[in-house]
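# Secondary and tertiary structure notes
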Amino acid sequence: MFHEVDWPAVWQATGETAYMVGISTFFTALFGIPLGVLLVVTERGNLWDLPWLQKIVSGFVNIFRAVPFIVLVLFLFPLAEFLVGTSLGPTAATIPLIAGAAPFYARMVETALREVDKGVVEAARSVGTTRLQVVRYVLIPEATPALVSGLTVTCVTLISFSAMAGVVGGGGLGDAAFRYGFQSFNDGMLYVCGILLILMVQLVQWCGDWISRRLDKR
């Protein structure tokens, strides 16, 4: 069975998946952390008492979280083509990957920040720390282990999303499994691509857990 595996295609697909997931994880953190911070600090009675803004951000996050990822991929094809010049390939696939994962991670950031001891925040405010300084030097550092754990879960989700994106022209292991495995009745390609996806998930989870434990000072 495995003698039918096209190894050059497998390694190329593995590289494409790593590229998609790496780029998407970076921008997911870049957009997800500010969104999560806004969800917390703008609620009534918090650092910025702007409940109207909190409702707008929450509604925006909920809309993107509610849309099934495969629908989001199809819906964002025109945007991907506008931004990167094509709707096919791993670079184009990063657009729906980020759009699907950033709101998901924003909710994890929100949860992590809510777990920060309010006494620590109040103590910082009592000594004249500005609201921005509270976010930068208190909330984010205190929540860092949880933020890393949340990003690990999000990265694992992105690996799954990348496989779905591959089926509709995004490239990567999902595309290789579908085209060279399922459609070509090549069980070897199908199993190898599946095993590599599982190994990527295990590696990301192990690295994320290790970093989170190292950052946790409790």
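Residues numbered from 1 in each chain as written. Predicted model: local features only at pLDDT ≥ 70, side-chain atom pairs only at ≥ 80, totals over all residues. Heavy atoms only, no water.

### Some details on the layout of surface pockets
Stated formally: Throughout, the protein atoms alone are placed on a 1 Å grid, and a set of points is a cavity if a 1.4 Å probe fits but cannot get out or a pocket if it is open with protein on both sides within 12 Å along at least five of seven lines; lining residues have an atom within 4 Å of a point. Grid points are joined across faces, edges and corners, and a volume is the space filled by probe spheres set on the points. Labels follow the DSSP assignment, with helices taken as runs of H or I lasting at least four residues and strands as runs of E lasting at least two, numbered in each case from the N terminus. Charged means Asp, Glu, Lys or Arg here, nonpolar means Ala, Val, Leu, Ile, Met, Phe, Trp, Tyr, Cys or Pro, and polar covers whatever is left, Gly included.
Roughly 290 Å³ of volume is contained in the second largest pocket. Along its surface, the second largest pocket is lined by 15 residues, and Asn 46, Leu 47, Lys 118, Val 121 and Leu 139 are the ones closest to its centre. If you list the elements that add at least two residues to the lining of the second largest pocket, you get α5 (90–114) and α6 (118–126). Per-class residue counts for the lining of the second largest pocket are 6 nonpolar, 2 polar and 7 charged.

### Remarks on the UniProt feature "domain: ABC transmembrane type-1" (unreviewed entry) in the chain
Counted only if it meets this: UniProt positions are given in the numbering used here, feature names are shortened, and annotations may be inferred rather than shown by experiment.
According to UniProt, the "domain: ABC transmembrane type-1" (unreviewed entry) feature falls on residues 14–208. End C-alpha atoms of residues 14–208 are separated by 20 Å, and the span's content is 85% helix alongside 0% strand.

### Side note on empty space enclosed by the protein
Scanning the entire structure with this criterion turns up 1 cavity of 30 Å³ or more. Looking at the lining of the largest cavity, the elements with two or more residues in it are α4 (77–84), α5 and α7 (131–170). Among the elements that take part in the lining of the largest cavity, α7 stands out by supplying 4 residues, more than any other. Each residue belonging to the lining of the largest cavity can be placed in one class, and the counts come to 10 nonpolar, 4 polar and no charged.

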